[in-house]
Amino acid sequence: MINKLKFWKTSKENDALEERINALKELPMPKHVAIIMDGNGRWAKKRALPRVAGHHEGMKRVRRITRLASKLGIEVLTLYAFSTENWKRPKSEVDYLMKLPGEFLGTFLPELKEENVRVQMMGYKDKLPKHTLGAVGKAITETEHNNGLILNFALNYGSRDEIVRAVKNIVHDVKKGKLTEKDITEANFSNYLMSHSLRDPDLLIRTSGEIRLSNFMLWQLAYTEFFFSDVLWPDFNEENLVEAIEVYQQRSRRYGGLKSEGVEE
Ligand code: V07
């Protein structure tokens with residue numbers, strides 16, 4: 001009986017969430033959502049579990065949030081999975097993290113393919129272990145003709161580093177005569193970033209109560225709406241994503257057409 005009651009309540013809650021999802025679809029959806037998935041270690045600590053247990057739980061959330069993003073018709077979901085700073089963590093933790101792309105894709109790649117999701121990666125390949133690159137490369141190749149949600153993993157990514165490399169490549173192209181000083185515009189500069197094929201994010205979400213960018217997409221986030229949530233990433237659920245988009249839509253409504261015209265007051 002208790003179970004039944006619980007089930008009844010849950011299905012009612014599901015209906016309420018479905019309604020909120022349908023309401024979201026009536027208003028402009030953020031086309032590119034980027035997420036800093038923070039709080040995995042803290043989630044584990046609260047439960048007296050090893051940090052890696054938090055990372056593993058966080059990985060499972062990636063699947064759920066991707067499924068909803070796809071259902072909502074979001075075009076790009078960028079997830080900050082591993083930063084250039086993360087190499088400073090204990091070797092055992094880094095080794096574990098580097099196995100997660102393989103585990104994630106081993107379990108979920110068939111579903112992602114069925115859902116028409118296209119996997120991409122943004123980050124430097126040099127330091128990444130072969131097995132990690134192999135798993136991600138396979139997913140990229142096997143989904144490259146899909147035209148649904150782009151699931152873009154930031155893996156060994158750091159924004160200042162990305163900008164410095166862009167400048168170096170521009171200097172290289174100028175020296176080669178492929179580019180002149182007057183060609184260096186904002187639009188052209190963006191082409192030298194690792195996100196060159198993607199539009200800038202419309203919405204950035206950071207979980208776990210930290211109000212910082214931590215070297216994530218500094219150039220690309222110039223006009224992005226920010227949503228900070230206290231929820232730890234392994235607890236971040238469908239309702240939390242829906243709430244973030246609701247807030248985004250309320251803000252865009254207040255702006256009206258002003259923002260796209262570059263007027264910010
Ligand atoms: C990682 C789980 C999510 C929370 C943040 C830290 C731990 C999924 C991936 C992944 C990456 C590339 C890919 C497929 C899946 C992942 C790392 C860490 C390094 F093609 N989750 N996840 N990669 N965490």
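Residues numbered from 1 in each chain as written. Predicted model: local features only at pLDDT ≥ 70, side-chain atom pairs only at ≥ 80, totals over all residues. Heavy atoms only, no water.

**What about the packing of helix α4 (residues 91-114) against helix α5 (residues 130-142)?**
Where α4 meets α5, the closest approach of the two axes is 8 Å, and the angle between their N-to-C directions is 20°. Between α4 and α5, the crossing angle belongs to the class labelled roughly parallel. α4 and α5 meet at a crossing whose hand is left-handed. Only His131, Thr132, Ala135, Val136, Lys138, Ala139 and Glu142 of α5 make contact with α4, whose side of the interface consists of Met98, Lys99, Pro101, Gly102, Leu105, Leu109 and Lys113. Of the residues in the contact of α4 with α5, the class split is 7 nonpolar, 3 polar and 4 charged. (Axes fitted to C-alpha atoms, helices over the stretch in contact; angles between N-to-C directions. Helix = DSSP H or I, 4+ residues; strand = E, 2+ residues; numbered from the N terminus. Parallel < 35°, antiparallel > 145°, perpendicular 65-115°, else oblique. Left-handed = near helix turned anticlockwise from the far one by under 90°. Contact = heavy atoms within 4.5 Å. Nonpolar A, V, L, I, M, F, W, Y, C, P; charged D, E, K, R; others polar.)

**Topic: the site of the ligand**
Close contacts around the ligand come from 17 residues, with Met59, Leu97, Phe104, Val136 and Phe153 the closest. Its free accessible area being 510 Å², the ligand has 98% of it covered by the protein chains. Every element with two or more residues in the shell around the ligand is listed here: α3 (51-72), β2 (76-83), α4 and β4 (150-157). When grouped by side-chain class, the residues that make up the shell around the ligand number 14 nonpolar, 3 polar and no charged. (Near = heavy atom within 4 Å. Areas by Shrake-Rupley, 256 points an atom, 1.4 Å probe, with all protein chains shown as cover.)

**Description of helix α6 (residues 159-175)**
Look at α6: 24 Å from first C-alpha to last across 17 residues, which is about the 24 Å you get at 1.5 Å a residue. The complete set of buried residues in α6 reads Ser159, Glu162, Ala166, Ile170 and Asp173. With its buried residues spanning 75° around the axis, α6 presents them on a single face. Facing away from the buried side of α6 by more than 90 degrees, the exposed set consists of Arg160, Lys168 and Lys175. Elements that come into contact with the buried residues of α6 comprise β4 and α7 (186-191). Positive phi shows up at Gly177, right after α6, with a value of about 85°. (Expected span 1.5 Å × (residues − 1). Buried < 20%, exposed > 50% of the residue type's maximum accessible area, 1.4 Å probe, protein only. Arc of directions from axis to C-beta.)

**Details of the nonpolar core**
Core analysis: the largest hydrophobic core is formed by 47 residues, its most contacted members being Ile35, Leu77 and Ile205. Of all the elements, α4 adds the most residues to this core, at 9 residues. Of all hydrophobic cores here, the second largest spans 10 residues; its members include Ala34, Tyr80, Leu204 and Phe216. (Core = buried A, V, L, I, M, F, W, Y, C linked by side-chain atoms within 4.5 Å.)

**Details of the pairing of strand β1 (residues 32-36)**
Summarising burial for β1: 5 of the 5 residues are buried, a large majority. Burial along β1 is two-sided: His32, Ala34 and Ile36 facing one way and Val33 and Ile35 facing the other are all buried. Two elements, β1 and β2, share 5 bridges in a ladder whose sense is parallel. In the strand pairing of β2, Ile35 is matched with Leu79. Two elements, β1 and strand β5 (residues 203-206), share 4 bridges in a ladder whose sense is parallel. Along β5, the bridge assignment pairs Ala34 with Leu204. (Pairing = 2+ DSSP bridges.)

**Thoughts on the confidence of the model for the chain**
Mean pLDDT for the chain: 94, with 93% of residues reaching 70 or above. The element-level mean pLDDT for the chain is lowest in helix α1 (residues 2-24), coming to 80, with β1 highest at 99. (pLDDT = per-residue confidence, 0-100.)

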